[in-house]
Amino acid sequence: MVVYPVCTTREEKLAMIEVLKNRLLAKHKHAIMAIGVYGSIGQGTDGHYSDIEMHVITQNSIRLDSYEFIYDKFKIEISTATLDEAYIKAKQVDDMWPIKAGVFIHVLSLYDPHHIFEELKLLPLQVPEVELREVMKQFMIWESYETMGKIRNNWENGNVGYLAIGAKDLSWQTAKLIGLANKQYFRTRAKTFQDSLAMKDKPAGYEELVMCVLEGNEADKEKVYVLCERLWSGLNEWFERLGIKYKSDELPF
């Protein structure tokens, strides 16, 4: 019995990608403007168990289905978008920007007669600072503030088993804020913590909590709680230094 995922070489993945490209072009060439590979394969950092992730960009008047499936030894994701949609996605700024920007910046071009991927890769880093700061403000309200409230509630209620989850959530959310503040994207989702620790501007307390999470040192619940509180204080001081005010002085209505 084969236990999936299956180990594959880069050469095997590239051969499968060539099959997919040729099949797409044979069936939809009149509609397709560009085909490329993103993710770890696009960056040349894929491992034996990496997925195949492909962009398919079509003319604005034609839409094709996207697919995510497992075939033979491969997990394959084919993301389709019209040309206008691709430009919008490449310029989009939300809390996932530090993770998604690389999807457009690092593309292994397979078919691109109009040089679309060369244009798309420039767009993510052209986003205005004001948009990044606004996303940071809203994300602080939507996620980090709520996470810290849950951490405090569960600590007070004696539900210390939650603290490991809360610490991971707070670390992950802060990593995305760090990417936004530094206008830098992460190489892959798996390297988010590693890349964020190397970034210049980050809040006090972040490194200590992340190392606790990465090393699996969550057994000392009081220490985990104290580290979460330190990071929360560091986040608020950081936001103040960056000039991002997320608390309202008056009701919005």
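Residues numbered from 1 in each chain as written. Predicted model: local features only at pLDDT ≥ 70, side-chain atom pairs only at ≥ 80, totals over all residues. Heavy atoms only, no water.

Caption draft 1: A look at the overall build of the protein. Regarding its fold elements, the protein presents 10 helices and five strands. Residues classed as buried in the protein amount to 45% of the 253 residues present. Considering only contacts in the protein between residues 6 or more positions apart, those separated by 24 or more positions represent 66%. (Helix = DSSP H or I, 4+ residues; strand = E, 2+ residues; numbered from the N terminus. Buried < 20%, exposed > 50% of the residue type's maximum accessible area, 1.4 Å probe, protein only. Contact = heavy atoms within 4.5 Å.)

Caption draft 2: Spotlight on the pattern of salt bridges. Taken as a whole and assessed by the stated rule, the structure comprises 12 salt bridges. Note that K73 is salt-bridged to E12, the shortest N-O span being 2.7 Å. Taken together, the residues span a long stretch of sequence, with K73 in the loop between β3 (67–71) and β4 (74–82) and E12 in helix α1 (residues 10–28) at a distance of 61 residues. When the shortest N-O distance is used, the salt bridge between D51 and K75 registers 3.7 Å. With D51 in the loop between α2 (39–43) and β2 (52–58) and K75 in strand β4, the pair connects residues that are 24 residues apart, well separated along the chain. With a relative accessible area of 30%, D51 lands in the partly exposed category. (Salt bridge = Lys/Arg side-chain N within 4 Å of Asp/Glu carboxyl O.)

Caption draft 3: Looking closely at the packing of helix α4 (residues 97–105) against helix α7 (residues 163–182). The contact between α4 and α7 brings their axes to 8 Å, and the two run at 55 degrees. Viewed along their axes, α4 and α7 adopt a mutual orientation that is oblique. Every residue of α7 that contacts α4 at W97, P98 and I99 is listed here: W172, K176, G179 and L180. Looking at the contact of α4 with α7 residue by residue, the class counts come to five nonpolar, one polar and one charged. (Axes fitted to C-alpha atoms, helices over the stretch in contact; angles between N-to-C directions. Parallel < 35°, antiparallel > 145°, perpendicular 65-115°, else oblique. Nonpolar A, V, L, I, M, F, W, Y, C, P; charged D, E, K, R; others polar.)

Caption draft 4: Looking closely at the sheet that holds strand β1 (residues 32–38). Across the sheet, five strands lie side by side as β3-β4-β2-β1-β5; this open sheet has mixed pairing. The open sheet has two free edges, formed respectively by β3 and β5 (108–111), since each of these has just one partner strand. Direction aside, neighbouring strands of the sheet carry axes that sit 25 degrees apart on average. Strand contacts of α1: β1, β2, β3, β4 and β5, with the helix running at about 25 degrees to β2, the strand carrying the most contacts. Along the sheet, helix α3 (residues 83–91) contacts β1, β2 and β4; its crossing angle with β4, the most-contacted strand, is approximately 105 degrees. (Pairing = 2+ DSSP bridges.)

Caption draft 5: Spatial organisation of the layout of surface pockets. In this structure, the largest pocket spans a volume of roughly 710 Å³. Put simply, the parts of the chain that give the lining of the largest pocket at least two residues each are α2, β2, β4, α3, α4 and α5 (116–120). At five residues, α4 tops the list of elements feeding residues into the lining of the largest pocket. Within the lining of the largest pocket, the residues separate by chemical class into 13 nonpolar, 10 polar and seven charged. Roughly 410 Å³ of internal volume is contained in the second largest pocket. Taken together, 15 residues make up the lining of the second largest pocket; nearest its centre are L20, R23, L24, Y67 and I78. Among the elements of the structure, α1, β3 and β4 are those that each provide at least two residues to the lining of the second largest pocket. (1 Å grid on protein atoms, 1.4 Å probe; cavity = no way out; pocket = protein on both sides within 12 Å on 5 of 7 lines; lining within 4 Å. Points joined across faces, edges and corners; volume = space filled by probe spheres on them.)

The analysis is restricted to geometry; functional conclusions fall outside its scope.
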